[in-house]
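# Structural description and commentary
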Amino acid sequence: MRMNNGDAEELEYADAPTILPRTAFRRFWPLTRGLRRRLLLVWLCTVLAALAETEAILLFGDLTDHALRQGSLAAFWSPAVKWLGIAVAGALVAYAGNSLAAWATERFVMRLREHVFDHVQQLPPHFFQRHRQGDLLSRLTSDVEAIETMVVSGLVGAASAAFSALFYAVAAFWLRWDLAAATFVLAPLFWLAARRFSGSIKDVSRQGRVADGAITSVVEESLGNIVLTQAYDRRDAERRRLHEEATAWFRASVRSTRLNEAYEQLVQVIETVCVLAVIGIGAWEISTGRMTLGQLLAFAAFLGYLYPPVRGLAQLGLTVTAATAGAERLIEILDVNPAVTDPRQGTESGRPDGTVEVRDVSFRYPGADRTALEDLSFTVSPGELVIITGPSGAGKSTLSKLLLRFYDPDAGDVRLDGVPLRGFPLARLREYVTLLPQETLVLHDTVRANIACGRPGASDRAIEAAARAADAHDFIAGLPDGYDTRVDAHSARLSGGQLQRLAIARAILRDAPVLVLDEPTTGLDAMAARRVVKPLRRLMAGRTTIMITHDLNLAPDADRVLVVDGGRIVETGRHEDLLARGGAYARLHRSQNNAVTDTGELRMPLRQEQPPPAPTPVYGDGAGYEAYAPAAAWARPGFETYGPVDHGGGAPADAPGHAPGPAPGPAPGHAPGHASGHAPGPAPGHGLAYPPGPALGQPPGIAPGPVPGPVPSVLSGGRPLFRGEEVWPGV
Ligand SMILES: Nc1ncnc2c1ncn2[C@@H]1O[C@H](COP(=O)(O)OP(=O)(O)OP(=O)(O)O)[C@@H](O)[C@H]1O
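Residues numbered from 1 in each chain as written. Predicted model: local features only at pLDDT ≥ 70, side-chain atom pairs only at ≥ 80, totals over all residues.

## Things to note about the overall build of the protein
Helix and strand counts for the protein stand at 22 helices and 14 strands. Sequence separation of at least 24 residues holds for 81% of the intrachain contacts in the protein that already meet a minimum separation of 6. (Helix = DSSP H or I, 4+ residues; strand = E, 2+ residues; numbered from the N terminus. Contact = placed C-beta atoms within 7 Å.)

Rendered as structure tokens:
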């Protein structure tokens with residue numbers, strides 16, 4: 001049963017589907033392709049080892065009757081040498097079999113894990129929003145191993161046990177069929193016992209696996225949020241959460257041990273009944289002279305060897321039943337389809353110019369009640385910068401997911417150079433459209449590898465050029481091992497702004513004709529945000545750029561601003577026109593309470609920049625923040641073209657061929673410089689946060705507000721400063 005994406009939503013809350021061991025086995029058996037010859041060899045080794053054992057037992061009966069009972073040393077040597085030979089051969093065969101079995105089982109685990117991992121990597125974003133990461137981790141680790149016990153060890157074990165049992169049973173019948181028949185009457189007791197326990201063992205095993213996933217999730221989430229935990233002193237709450245899941249796991253695992261132990265002990269009792277029956281019947285047979293002591297001992301030995309495989313078969317049934325619970329959890333994931341697939345015949349038309357058309361697009365997330373986007377249409381020409389803004393939940397990020405083809409629209413289509421996105425092979429499409437996501441994604445690797453993942457195989461020169469373009473080279477050079485310094489997402493070594501510049505370097509290196517920037521300055525403080533503006537401009541130069549942002553400081557520089565609300569475009573135009581219209585955009589702009597009406601920063605000509613003044617270290621950011629450009633630089637003759645940056649060949653960074661995008665002239669109403677663009681005086685929230693003057697790194701070019709007197713801490717009414725609103729009354 002394959003599920004569509006809508007079904008995926010229910011997975012989080014619904015129990016995993018209940019399936020039969022046979023179904024689970026059939027599902028995973030194809031993954032043993034290429035291993036089956038080895039599995040056959042393993043099975044052959046086990047059969048040979050069982051044969052050797054059978055022969056050894058017969059020799060033991062022979063030795064008892066001829067050497068021991070008659071006290072003859074002469075009768076000892078021949079069977080003893082044979083026994084030894086068989087024991088050595090059996091040991092070699094068993095060793096070879098076990099080694100091969102280990103190879104085959106581990107190989108299977110590896111293959112299954114890669115198969116599931118590969119599948120999970122193709123699943124759409126909402127799958128990860130609806131599944132706890134810890135649970136996914138546990139499925140990829142312990143559930144994968146459980147399936148191995150079912151498909152590989154289970155199968156080989158069952159075949160070996162069945163053959164061993166068959167040999168010993170045949171030998172026992174050959175020795176004394178009547179005695180064998182009498183004892184075999186009791187064999188079904190083993191099966192009855194196993195049947196009795198299997199249902200409960202499967203239930204408890206399922207509970208254990210779910211609890212295991214929950215524990216991993218709690219630990220993962222708690223450590224991932226360690227700052228929240230510590231800052232809000234949530235240790236007790238987190239401990240309680242862990243305790244709850246650990247208690248469920250504790251109960252399941254104690255119950256599972258109890259059930260297994262009860263089954264074991266019941267089987268022991270059944271075995272004892274069988275052995276006593278044999279001894280009783282044997283004693284009677286010896287007393288009537290129809291059996292020798294050697295025969296009886298050999299017979300008892302056969303039974304001793306026979307019971308473990310019989311018991312093993314029954315136990316295996318339980319193991320497989322328990323493993324089915326793991327299989328259910330994996331099948332649940334494997335049955336979720338990726339939201340998009342590669343086209344059968346992809347379009348290979350070479351690097352596109354970068355015209356992006358969104359035509360009558362509507363989209364609803366699988367399983368969601370409301371459409372996220374409704375009848376959306378717009379076009380972005382090569383080199384244009386279009387800003388998409390709007391209130392939270394308007395559908396902006398959803399649009400970025402459609403542009404990258406994480407989803408296909410339900411209606412309408414998105415086109416690149418006139419070709420619908422679903423016509424491009426996915427890998428090719430994502431070479432052409434680069435996403436700079438909201439959260440900075442960092443690999444746990446070196447800085448070099450983090451940049452190089454923009455274009456695998458890029459030369460060191462290209463990487464450095466990209467880092468320089470992203471204003472990242474200086475801080476990278478200051479790291480203990482430079483480009484070879486290892487970083488990770490939580491690395492204390494790099495500030496948010498530095499991580500963002502690393503991401504920009506990666507995107508520069510990727511050199512795609514279309515860029516989708518999702519809140520490139522969100523989460524950065526004002527200084528860090530300013531610090532990424534220049535690298536962003538270099539990144540955007542000559543590319544089609546769609547920037548999703550709440551930060552309207554960047555809007556004056558856009559060729560167009562689209563205001564999205566409720567999944568629809570409600571306004572579109574240039575920043576100034578939209579402001580003048582006094583509609584949704586103007587309200588959004590006002591709500592930012594932003595005194596800056598026109599920065600011109602995104603289009604500021606790089607070549608006219610003056611060297612920045614000596615960096616001033618700020619808040620631990622080793623690079624210090626950059627000075628604002630002087631007023632003279634604000635005329636906007638177009639922006640600099642940067643890139644492509646030597647794709648592995650080490651060509652100079654400023655290669656021809658990338659025409660800069662249309663260079664708009666100065667927009668009406670653009671202030672010539674910061675001095676006039678910034679409202680002087682202490683606007684609410686301004687001026688007091690950064691005391692004026694250069695002492696705290698106030699960048700030159702901004703006219704500081706009038707120097708205030710002593711800084712008041714409360715307003716006359718006793719309310720805290722900076723709060724126009726009523727004081728929170730509490731609940
Ligand atoms: N995985 C999902 N499943 C169902 N609905 C979703 C999912 N992701 C987002 N949505 C819904 O789609 C709508 C648009 O969300 P989207 O994330 O695109 O908004 P946004 O404009 O980017 O918001 P923000 O500015 O806060 O990031 C919202 O109503 C949101 O609740």
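Having seen the model, we can carry on.
## Here we look at the pairing of strand β12 (residues 568-573)
Relative to β12, strand β11 (residues 560-565) is paired through five bridges, and the arrangement is antiparallel. Among the inter-strand pairings, V564 is bridged to a residue of β12, identified as I569. Counted along the chain from β11 to the antiparallel partner β12, the turn is two residues long, and its residue G566 has a positive phi close to 55 degrees. (Pairing = 2+ DSSP bridges.)

## A word on the nonpolar core
Counting residues in hydrophobic clusters, the biggest one holds 81 residues, and the most contacted among them are I387, I451, A466, I504, A505, I508 and L515. At eight residues, the largest contribution of residues to this core is made by helix α18 (residues 496-510). No fewer than three residues from each of domain 2 (352-424) and domain 3 (439-542 + 616-646 + 667-694) sit in this core. Listed in part, the 68 residues of the second largest apolar core include F28, A171, L303 and A322. (Core = buried A, V, L, I, M, F, W, Y, C linked by C-beta atoms within 7 Å. Buried ≥ 20, exposed ≤ 12 C-beta atoms within 10 Å, placed from the backbone. Domains from an automatic or database assignment.)

## Here we look at the pairing of strand β9 (residues 514-518)
Summarising burial for β9: five of the five residues are buried, a large majority. Across the two faces of β9 the burial is the same, with V514, V516 and D518 and L515 and L517 all buried. In terms of strand pairing, strand β6 (residues 433-436) meets β9 through four bridges, oriented parallel. Within β9, the residue paired with L435 across the bridge is V516. Both β9 and strand β10 (residues 544-548) contribute to a ladder of five bridges, which runs parallel. Pairing of V516 across the sheet is with I546, part of β10.

## Details of the site of the ligand
Close to the ligand lie 13 residues, the nearest being H126, Y365, S392, S397 and T398. Within the residue set of the shell around the ligand, elements represented by two or more residues are α5 (125-130) and α13 (396-403). The leading source of residues in the shell around the ligand is α13, at three residues. Classifying every residue of the shell around the ligand gives four nonpolar, eight polar and one charged. (Near = placed C-beta within 6 Å. Nonpolar A, V, L, I, M, F, W, Y, C, P; charged D, E, K, R; others polar.)

## Here's the deal with the packing of helix α9 (residues 188-224) against helix α12 (residues 293-334)
Following both chains from N to C, one finds α9 and α12 inclined at 25 degrees, their axes separated by 8 Å at the closest point. In terms of their interaxial angle, α9 and α12 are classed as roughly parallel. Note on packing geometry: the crossing formed by α9 with α12 is right-handed. Contacts between α9 and α12 pair F190, W191, A193, A194, F197, S198, I201, K202, S205, R206 and R209 from the former with V310, R311, A314, G317, L318, T321, A322, T324, A325, G326 and R329 from the latter. A per-class count over the contact of α9 with α12 returns 11 nonpolar, six polar and five charged. (Axes fitted to C-alpha atoms, helices over the stretch in contact; angles between N-to-C directions. Parallel < 35°, antiparallel > 145°, perpendicular 65-115°, else oblique. Left-handed = near helix turned anticlockwise from the far one by under 90°.)

## A look at unusual backbone geometry
Look at D375: it is not a glycine, yet its phi comes out positive at around 50 degrees. When you line up the elements, D375 lands in strand β2 (residues 373-380). In the Ramachandran plot, R405 falls in the positive-phi region, its phi being about 60 degrees despite a non-glycine side chain. Tracing the chain through its elements places R405 in the loop between α13 and β4 (411-416). Overall, R405 belongs to the buried group, with 20 C-beta atoms counted inside 10 Å.

## Considerations on the sheet that holds strand β3 (residues 385-389)
In space, the six strands of this open sheet follow the order β6-β9-β10-β3-β11-β12, with mixed pairing throughout. In this open sheet, the two edge strands, each paired with only one partner strand, are β6 and β12. Strand after strand, the sheet turns through a mean of 20 degrees between neighbouring axes, direction not considered. Looking at chain direction, β3 and β10 are connected through four bridges and run parallel. Residue pairing in the sheet places I388 in a bridge with I548 of β10.

## Quick notes on the sheet that holds strand β5 (residues 419-420)
Pairing is antiparallel in the open sheet, where four strands are placed in the order β2-β1-β4-β5. Either end of the sheet is taken by a strand with one partner, and the two such strands are β2 and β5. In this structure, strand β1 (residues 356-363) lies alongside β2, joined through five bridges in antiparallel fashion. Note on β2: the bridge partner recorded for V361 is L376. Along the sheet, α13 makes contact with β1, β2 and β4, crossing β1 at roughly 120 degrees.

## Considering the UniProt feature "transmembrane region" (unreviewed entry) in the protein
As recorded in UniProt, the sites labelled "transmembrane region" (unreviewed entry) are residues 39-60, 80-103, 146-168, 174-194 and 266-284. End-to-end, the C-alpha atoms of residues 80-103 are 35 Å apart, and along that stretch the chain is 100% helix and 0% strand. (UniProt positions renumbered as here; feature names shortened; annotations may be inferred.)

## Concerning the packing of helix α3 (residues 36-68) against helix α7 (residues 153-175)
Two numbers describe a pair of packed helices, the interaxial angle and the distance between the axes. The geometry of α3 relative to α7 is characterised by a closest axis approach of 9 Å and an angle of 25 degrees between their N-to-C directions. Taken together, α3 and α7 sit at an angle that is classed as roughly parallel. Crossing hand, α3 versus α7: right-handed. In this structure, α3 uses L39, V42, W43, T46, V47, A50, L51, T54, I57 and L58 to contact α7, whose residues at the interface are V156, A159, S160, F163, S164, F167, Y168 and A171. Partitioned by chemical class, the residues of the contact of α3 with α7 number 14 nonpolar, four polar and no charged.

## Comments concerning the confidence of the model for the protein
Per-residue confidence for the protein gives a mean pLDDT of 74, with 77% of residues at or over 70. Here residues 594-601 is modelled with pLDDT under 50, and outside its nearest four sequence neighbours on either side it reaches 25 contacts, counting other chains as well. Taken together, the stretch residues 603-731 has pLDDT below 50 and engages in 191 contacts with residues farther than four places along the chain or on a different chain. Interface scoring of the predicted complex returns ipTM 0.97; its pTM is 0.64. (pLDDT = per-residue confidence, 0-100.)

## A short note on α13
Counting buried positions along α13 gives seven out of eight residues, so the element sits mostly inside the fold. Directly beyond the C-terminal end of α13, a positive phi value near 60 degrees is found at R405.

## Side note on α12
For α12, spanning 42 residues, the distance from its first C-alpha to its last is 60 Å, which sits close to the expected 62 Å at 1.5 Å a residue. With respect to burial, α12 is a largely interior element, 31 of its 42 residues being buried. (Expected span 1.5 Å × (residues − 1).)

## Digging into the environment of L41
Relative to the assigned elements, L41 resides in helix α3. Accessibility expressed as a C-beta count within 10 Å gives 15 for L41, which makes it partly exposed. Each C-alpha atom of the pair L41 and A96 lies 9.2 Å from the other, and the pair is 55 residues apart in sequence.

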